[in-house]
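Chain by chain, the residues run as shown.
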Amino acid sequence: MSDVQFRELRHAPAMPVNFAKAVMRAGVKPGKNPTLPNVGLRLNDVGLDSKHLKAYRKVCGFSADGRLPITYPHIHAFPLHMALMMEDGFPFPAMGLVHVRNRITQYRPIAEREQLNIKCSLGNLNQVEKGWEFSIFTVITTAGERVWSSESINFFRGGGHGRKDEKKASGEPVPATDTIEWKVPGNTGRRYGAVSGDRNPIHLYPLTAKLFGFKRQIAHGMWSKARALAQLQSQLPEEAFRVDVQFKLPMFIPATVKFEQQPADDGLDFRVLARDGVKPHLTGQLRRLGE
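Owing to the predicted nature of the structure, the values given are computational and were not obtained by experimental measurement.

Trainee: Sorry if this is basic, but what is going on with the sheet that holds strand S11 (residues 280-288) here?
Mentor: Strand pairing in a sheet relies on backbone hydrogen bonds, with the paired strands running either antiparallel or parallel. Spatially, 11 strands are ordered S1-S2-S4-S5-S6-S3-S8-S11-S10-S9-S7 in an open sheet, and the strand pairing comes out mixed. Only two strands of the sheet have a single neighbouring strand rather than two, namely strand S1 (5-9) and strand S7 (180-184). In this sheet, neighbouring strand axes are inclined to one another by 20 degrees on average, regardless of whether the strands run parallel or antiparallel. Relative to strand S10 (residues 267-273), strand S9 (residues 255-264) runs antiparallel, the two sharing seven bridges. Residue pairing for S10: alanine 264 is matched across the bridge by glycine 267. Against the sheet, helix H6 (residues 221-231) makes contact with strand S3 (97-106), S7, strand S8 (241-247), S9, S10 and S11, and its axis sits at roughly 35 degrees relative to S3, the strand it touches most.

Encoded structure:
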């Protein structure tokens, strides 16, 4: 982020305004050689609201322990993410993007009463087989100490290079056996949208989802990541660690899904699977970081 020109905000961008702008920019085309604006946004001294935090914990399944859930800072960064995608020169329509991967690094637990300084910027634009991928980077500090960072990788379909990436051969998937079953209500998207500000129509109701080509509403990817980490809350390391997830098949809600975890070197692997225990909605890797 060192070369990025940061602009400081006085308050968080309003999400209704962001979505209104997104609708107005729905016809944006990237062209053959898109570039990302060399701009970042900064928001300092973000205080946390206890009622909002309680609502977030409830919808995602975290228990109260005096610390912020590891995915919670993303909620405060997301309005800045949206605002970056409304910047002049941003080459893609925000409404057509898909969140495909997410990495969060927590350097130490964050206490509930700490104030957050948030910096977000764009980068890593790459042409892939079926379109373009780019990252939104976030760094969060408190009292000058970096405590949290993330990379959200988004995909725009169209204009890809058409060359198939080499993939490792894999046999028939083996159904998971040691799993925990979750019931995901049909209002999960509306409840998560209320606390996250992400009221994308594909997450809200069957009718609004059908307008965008889905048979009914789907769960937010970051809700799935948060729910998985809430399941693992008692196992999360005290020291620095990283959690990568890959968002796979959409989770149509209401749904019954299965959660699986397995030990791995320096951490664990986990999956959120469809009811059949085979089709993946999310795969993830948690790893402790060395000194």
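Trainee: What is the right way to read the packing of helix H2 (residues 50-60) against helix H4 (residues 188-196) from this model?
Mentor: Two quantities define a packed helix pair, namely the angle between the axes and the distance from one axis to the other. The geometry of H2 relative to H4 is characterised by a closest axis approach of 9 Å and an angle of 155 degrees between their N-to-C directions. Between H2 and H4, the angle falls in the class roughly antiparallel. Where H2 crosses over H4, the two elements pack in a sense that is left-handed. Where H2 approaches H4, its residues His52, Ala55, Tyr56, Lys58, Val59 and Cys60 are matched on the opposing element by Thr188, Arg191, Tyr192 and Val195. Grouping the constituent residues of the contact of H2 with H4 by class yields six nonpolar, two polar and two charged.

Parameters and conventions
- Residues numbered from 1 in each chain as written.
- Predicted model: local features only at pLDDT ≥ 70, side-chain atom pairs only at ≥ 80, totals over all residues.
- Heavy atoms only, no water.
- Pairing = 2+ DSSP bridges.
- Helix = DSSP H or I, 4+ residues; strand = E, 2+ residues; numbered from the N terminus.
- Axes fitted to C-alpha atoms, helices over the stretch in contact; angles between N-to-C directions.
- Contact = heavy atoms within 4.5 Å.
- Parallel < 35°, antiparallel > 145°, perpendicular 65-115°, else oblique.
- Left-handed = near helix turned anticlockwise from the far one by under 90°.
- Nonpolar A, V, L, I, M, F, W, Y, C, P; charged D, E, K, R; others polar.

These results come straight from atomic positions and should not be treated as a statement about function.
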